[in-house]
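# Fold and geometry: a report
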Amino acid sequence: MTSASSTPLANIRNFSIIAHIDHGKSTLADRLIQETGGLTAREMSEQLLDNMDIERERGITIKAQTVRLHYTAQDGETYQLNLMDTPGHVDFAYEVSRSLAACEGALLVVDAAQGVEAQTLANVYQSIEHDHEIVPVINKVDLPAADVEKVRQEIEDIVGLPADDAVLTSAKTGLGIADVLEAVVARIPPPKGDADAPLKAMLVDSWYDPYLGVVILVRIVEGTLKKGQQVKFMQTGETHLIDRVGCFTPKRIEMTELNVGEIGFITAQIKEVAQTRVGDTITSAKNGTAAPLPGFKEVQPVVFCGMFPIDAADFEKLRDSLGKLRLNDASFQWEAESSAALGFGFRCGFLGLLHLEIIQERLTREYDLDLITTAPSVVYKVHMTNGELRELHNPADMPDPAHVAHMEEPWIEAVIYVPDDYLGSILKLCQDRRGIQKNLTYVGGRAQITYELPLNEVVFDFYDRLKSISRGYASFDYHQIGYREGDLVKMNILVNAEPVDALSMVVHRSVAESRGRGLCERLKDLIPRHLFKIPIQAAIGGKVIARETISAMRKDVTAKCYGGDISRKKKLLEKQKKGKAKMRQYGNVDIPQEAFIAALRMGEE
Ligand SMILES: Nc1nc2c(ncn2[C@@H]2O[C@H](COP(=O)(O)OP(=O)(O)OP(=O)(O)O)[C@@H](O)[C@H]2O)c(=O)[nH]1
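Residues numbered from 1 in each chain as written. Predicted model: local features only at pLDDT ≥ 70, side-chain atom pairs only at ≥ 80, totals over all residues.

## Observations regarding the overall build of the chain
- Helix and strand content of the chain: 13 helices and 33 strands.
- Looking at the chain residue by residue over its 605 residues, the buried ones come to 44%.
- Residue pairs in contact within the chain that sit at least 24 positions apart in sequence constitute 69% of those at least 6 positions apart. (Helix = DSSP H or I, 4+ residues; strand = E, 2+ residues; numbered from the N terminus. Buried ≥ 20, exposed ≤ 12 C-beta atoms within 10 Å, placed from the backbone. Contact = placed C-beta atoms within 7 Å.)

## Observations regarding the nonpolar core
- Residues Leu108 and Val218 are the most contacted members of the largest nonpolar core, which totals 156 residues.
- Residue contacts for Leu108: discarding those within four places in its chain leaves Ile18, Val124, Ile134, Val135, Pro136 and Val137. (Core = buried A, V, L, I, M, F, W, Y, C linked by C-beta atoms within 7 Å.)

## Describing the UniProt feature "binding site: GTP" (unreviewed entry) in the chain
- Under the UniProt annotation, the feature "binding site: GTP" (unreviewed entry) is placed at Asp22, His23, Gly24, Lys25, Ser26, Thr27, Asn139, Lys140, Val141 and Asp142.
- Tracing the backbone shows Thr27 in helix α1 (residues 25-35).
- Residue classification places Thr27 among the buried residues on the basis of 20 C-beta atoms within 10 Å.
- Setting aside residues no more than four positions away along its own chain, Thr27 makes contact with Ala171 and Lys172.
- Mapped onto the elements, Lys140 comes out in the loop between β5 (133-139) and α5 (148-159).
- The residues contacting Lys140, other than those within four sequence positions of it, are Gly24, Asp111, Ala112, Ala113, Ala146 and Ser170. (UniProt positions renumbered as here; feature names shortened; annotations may be inferred.)

## Overview of the pairing of strand β17 (residues 303-309)
- Across the seven residues that make up β17, a large majority, seven, are buried.
- Alternating residues of β17 divide into Val303, Cys305, Met307 and Pro309 and Phe304, Gly306 and Phe308, and every residue in both groups is buried.
- In the sheet, β17 pairs with strand β20 (residues 371-373) via three bridges, with the strands oriented antiparallel. From the neighbouring strand, Met307 faces β20, where its bridge partner is Thr373. (Pairing = 2+ DSSP bridges.)

## A short note on the sheet that holds strand β11 (residues 239-241)
- Taken in spatial order, the eight strands make up an open sheet running β11-β10-β16-β7-β8-β15-β12-β13, and their pairing is antiparallel. Sheet topology places β11 and β13 (252-255) at the edges, where each strand pairs with a single neighbour. Going across the sheet, the axis of each strand differs from the next one's by a mean of 40°, ignoring polarity. (Axes fitted to C-alpha atoms, helices over the stretch in contact; angles between N-to-C directions.)

## Brief notes about helix α8 (residues 353-365)
- Compared with the 18 Å implied by 1.5 Å per residue over 13 residues, the 18 Å span of α8 between its first and last C-alpha is a close match.
- If you check which residues of α8 are buried, you get Leu353, His355, Leu356, Ile358, Ile359 and Leu363. (Expected span 1.5 Å × (residues − 1).)

## Remarks on unusual backbone geometry
- Of note, the phi angle at Asp131 is positive, near 60°, even though the residue is not glycine.
- The topology assignment puts Asp131 in the loop between α4 (118-129) and β5.
- Here the phi dihedral of Asn287 falls at roughly 55°; this positive angle occurs in a residue that is not glycine.
- Within the secondary structure, Asn287 sits in the loop between β16 (281-284) and β17.

## A short note on the sheet that holds β20
- Spatially, four strands are ordered β18-β19-β17-β20 in an open sheet, and the strand pairing comes out antiparallel. The open sheet has two free edges, formed respectively by β18 (333-339) and β20, since each of these has just one partner strand. With strand direction ignored, the average angle separating the axes of adjacent strands in the sheet is 30°.
- Across five bridges, β17 lies against strand β19 (residues 343-350) in antiparallel orientation. Its bridge partner being in β19, Phe304 is matched across the sheet by Gly349.
- Against the sheet, helix α7 (residues 315-328) touches β17, β18 and β19, its axis set at about 15° to β19.

## Observations regarding the packing of α1 against helix α6 (residues 177-187)
- Close contact between α1 and α6 brings their axes to 10 Å; oriented N to C, the two are set at 85°. Between α1 and α6, the angle falls in the class roughly perpendicular. When α1 is examined against α6, the residues Arg31, Leu32 and Glu35 are found in contact with a partner set consisting of Ile177, Ala178, Val180 and Leu181.
- Grouping the constituent residues of the contact of α1 with α6 by class yields five nonpolar, no polar and two charged. (Parallel < 35°, antiparallel > 145°, perpendicular 65-115°, else oblique. Nonpolar A, V, L, I, M, F, W, Y, C, P; charged D, E, K, R; others polar.)

## Here we look at the pairing of β19
- Bridge count for β18 against β19 is seven bridges, and the pairing is antiparallel. Within β19, the residue paired with Glu337 across the bridge is Gly345.

## Structural notes on the environment of Leu356
- The residue Leu356 is located in helix α8 in this model.
- Judged by local crowding, Leu356 falls into the buried class, with 24 C-beta atoms found within 10 Å.
- Residues Leu356 and Val184, spaced 172 residues apart in sequence, show a C-alpha to C-alpha distance of 37 Å.
- Apart from residues no more than four positions distant in its own chain, Leu356 is found in contact with Val303, Cys305, Phe350 and Pro376.

## As for the confidence of the model for the chain
- Considering every residue of the chain, the mean pLDDT works out to 84; 85% of them sit at 70 or more.
- Per-residue pLDDT stays below 50 along residues 1-5; that stretch engages in 12 contacts with residues further than four places along the chain or on separate chains.
- Note that pLDDT drops below 50 for residues 54-64; the model gives that stretch 30 contacts with residues more than four away or on any other chain.
- Across the predicted assembly, pTM comes out at 0.74 and ipTM at 0.97. (pLDDT = per-residue confidence, 0-100.)

Shown next, in the form of structure tokens:
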């Protein structure tokens, strides 16, 4: 099937789907694939676009997947539709922006019973920024609670898009699916581009495939990309020989070339995803273009933490697992690290907290590793009194304060959309996190707030707090705005007078005491009682700023089984032993694995 490559520009449509979680994005995408004959009903039994367990469980899509559909419209013409799935979380904002840059339009799917939800707005605005033509789709009209007119009004008032000609669908029953396809063809503009210009293709995404090596998703902006062609990646400067060209329908179809305006994949015997940069421009090795596409950004990890195996024997396994994960995720970095108390492990860098949690969960779940993850930290700039400038990725490496002239921390600008009812609590949350309010406006019944915030106040649990305060209605988007000087200090946590390096952190002096107190209180609940009294202290240098005490207790799990049968007793002891394995000893105190991360969740302040 190579005919696809002959589609004229006017018959190509590139689009994505914007939807709030659960409004039916995946179901609709599946229907579009089914309707256009990409797959049989049986092959459809699994939802296709979200293909990782963790993604599905969390309801988020991390890696963009694109499918090509062939649709013969009512005008008798056959169209090539490229449907692009986009990741839906702030940690992956740059990837989203590149996916959007590869499209000319979007379907905005709104649940007919739920109406417009705040989180959708940020995505719609991004799409509008890319000059997209947006087609509103009101889905789930089969539900008894569906109120199409109300939702239509919301789309006009809140989103600000005309909704008279919104397409009404039930992705569940199949109602209106043909109308969606007609609307895509009629309302979303075809791509533009010069077929005769030198090749200019945008690297939209890449992933590792065990059979094909690294697979790269590209959008051809100008020219043609052919199998067998020698190409150059302009950011890395590397040249590669293209050995496969094709698209997904969602089955993998190989072709001989990708033409201007098209989205498809290429392979070029590339071994590691790290050799590819999202947003890079691919051109021909000879007589290529001189000007790369605008908008390229080097993705840098912003959150760092240590990961240590609970069982020291797992170190090599952890190294292997990290290596495997990195094959497919170049935005995540790691290097070996050792800690006095935790032994050998790795210092890892992530795009954000969600990214960290995903990697941590995959290591635990897919690679069966028990890990201790240390407090996440941002990168600080430390100006030494001797004029030297150091980058601090790990609070444990904090130099002696006597030699520090001053420190700088990264700041972000955050835009939050929130319904009026929750505005007060969200403002308080931002104030508590040292935020500086920049702007507050109203769009429909919702407030749009712009805040400048120190990143280190956001990395722990800001997003979780925001969601729980607003019952999921607040949405949050951010970008970094550079470094600013701050009065920062290293806070140590001592358990039974032993410093627990995994819990030491850099904090602003003004919040150190309340953070220290909160942490000690939570640790008190998280660390089981021992046979002796355990003091828990937070200290800056030699000065203790908070203290809690765990009282002594004798715990004998077999006490209940007196006279009982011996095998049951053995079983309990066995169980207790296993529980121990998940503890970490500090001096003579056992700290359970969960305590490390749980203690850092700040909770109510
Ligand atoms: N009644 C009804 N249910 C629908 C319709 N479309 C989707 N659903 C159901 O709504 C739920 C969410 O649909 P999904 O397609 O998974 O939603 P999504 O937006 O992809 O959600 P995420 O993948 O979590 O972002 C599923 O249980 C679907 O079966 C519809 O038209 N009518």
